[in-house]
Amino acid sequence: MKNILSFEDEKITYLRGKSGKRIEVKGSTSIDLEKGIIVGGVINDEEAIMNTLLEFKRNTLKKNKMNIVINSSIFYREIVIPLTRKSMMREIIKNEIIAIMSDYDDYIMDYAVLNTDKVKKTCNILVFVIYKNVLKRYIDVAAKSGISIESIDIASNAASKLFGFINPNENENTFAVMMIYKDSIDLYIIENSCGVLFRNIKLSFSKFKENNALDIAYEEVTEHINQIVQFQKGRNKVNELKTIYVYADFDEFDQLLETISSGTGLSCLAFEDPKLIKVREGFSIFDNIAPLGALIKRK
């Protein structure tokens, strides 16, 4: 059983659950945060976060050891390195990243193996890089609140694991996902349960609807999707992007799917509630993507 604390700009969610062939959620509680306490995944008010965590400890937390999820910016770098033993691989990746990014000491790095080519004896590696100072604030706040951190995950990475887990087409390991929220959209390219691309785009469908301009919103969304299609063609011509799964909650959803499909050439399908996740009544899977994904251990 895993205990997850997921930090977003608007709320903190505590979730208990486990994963295997299915995901099972045992319980979930959220506490809303005032605006400005966390902005873009960066903690601005440590005292407010500590008070919230202490409230969780008094009323909700089953254990003090938590798996933390933070909704912070993350840098993705895809590199190809020689196929070698794991003890050498991290050092090679580190040297590659140092060559790409200045001030490496300001960052923390992790990676996942996308695929290997045994003929060429190479590995295609997806590297994740985040600022140390961002992580340090979460570690400090947890420690001051008496919470022990078992692991730290990034929301976009956790979401990518979940999308790979619930992939409706097991024969298609590369696909796109679009999540439409009140004032923004999230776009992903998923490959082997890894998010090789993530973009958060500020766009309010409700405002476009108020101004009877949904057609303009559809066109803008289609343009963003075409950009990620071109990104995929540029990075990997073997795994062509054919399908995008979309989640949204508004009446004109079918029209949106038709517009995207005709404007991008992709098969555009609704991302329905998956059957591989067992939850209690009233729990929204698509409002809890990051904490659910944090339950999954990457293979």
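Residues numbered from 1 in each chain as written. Predicted model: local features only at pLDDT ≥ 70, side-chain atom pairs only at ≥ 80, totals over all residues. Heavy atoms only, no water.

Undergrad: Tell me about the overall build of the protein chain, residues and numbers included.
TA: On a plain count of helices and strands, the protein chain comes out with eight helices and 16 strands. At 20 Å, the protein chain has a C-alpha radius of gyration in line with the 19 Å of a compact globule built from 299 residues. C-alpha extents for the protein chain along the principal axes are approximately 55 × 55 × 40 Å. In the protein chain, which comprises 299 residues, the proportion classed as buried is 48%. Nonlocal contacts in the protein chain, meaning residues at least 24 apart in sequence, comprise 64% of its contacts between residues at least 6 apart. Accessible area for the protein chain stands at about 15900 Å²; split by element, carbon and sulfur atoms hold 46% of it. The positive charge centre, built from 41 side chains, and the negative charge centre, built from 41, are 10 Å apart in the protein chain. (Helix = DSSP H or I, 4+ residues; strand = E, 2+ residues; numbered from the N terminus. Rg over C-alpha atoms; globule rule 2.2 N^0.38 Å. Buried < 20%, exposed > 50% of the residue type's maximum accessible area, 1.4 Å probe, protein only. Contact = heavy atoms within 4.5 Å. Areas by Shrake-Rupley, 256 points an atom, 1.4 Å probe, with all protein chains shown as cover. Lys, Arg positive; Asp, Glu negative; His and termini not counted. Charge placed at Lys NZ, Arg CZ, Asp CG, Glu CD.)

Undergrad: So what's going on with the pairing of strand β15 (residues 267-270)? Residues and values would help.
TA: Relative to β15, strand β14 (residues 243-247) runs parallel, the two sharing four bridges. The residue bridging Y245 from the neighbouring strand is L269, located in β15. In this fold, β14 hands off to helix α7 (residues 253-264), which returns the chain to β15; that crossover is right-handed. (Pairing = 2+ DSSP bridges. Right-handed = clockwise from strand over helix to strand, strands pointing away.)

Undergrad: An account of the sheet that holds strand β3 (residues 23-32) is requested, with residue identities and associated values reported.
TA: Across the sheet, six strands lie side by side as β10-β6-β1-β2-β3-β16; this open sheet has mixed pairing. Edge positions in the sheet fall to β10 (148-154) and β16 (277-278), since each has one partner strand and no second. With six bridges joining them, strand β6 (residues 65-70) and β10 adopt parallel strand pairing. Residue pairing in the sheet places K65 in a bridge with S148 of β10. Its contacts with the sheet put helix α3 (residues 132-144) on β1 (2-7), β6 and β10, and the angle it makes with β10 is roughly 150°. Against the sheet, helix α4 (residues 155-165) engages β3, β6, β10 and β16, with an angle of about 75° to β10. (Axes fitted to C-alpha atoms, helices over the stretch in contact; angles between N-to-C directions.)

Everything listed here is a matter of geometry and, on its own, says nothing about what the molecule does.
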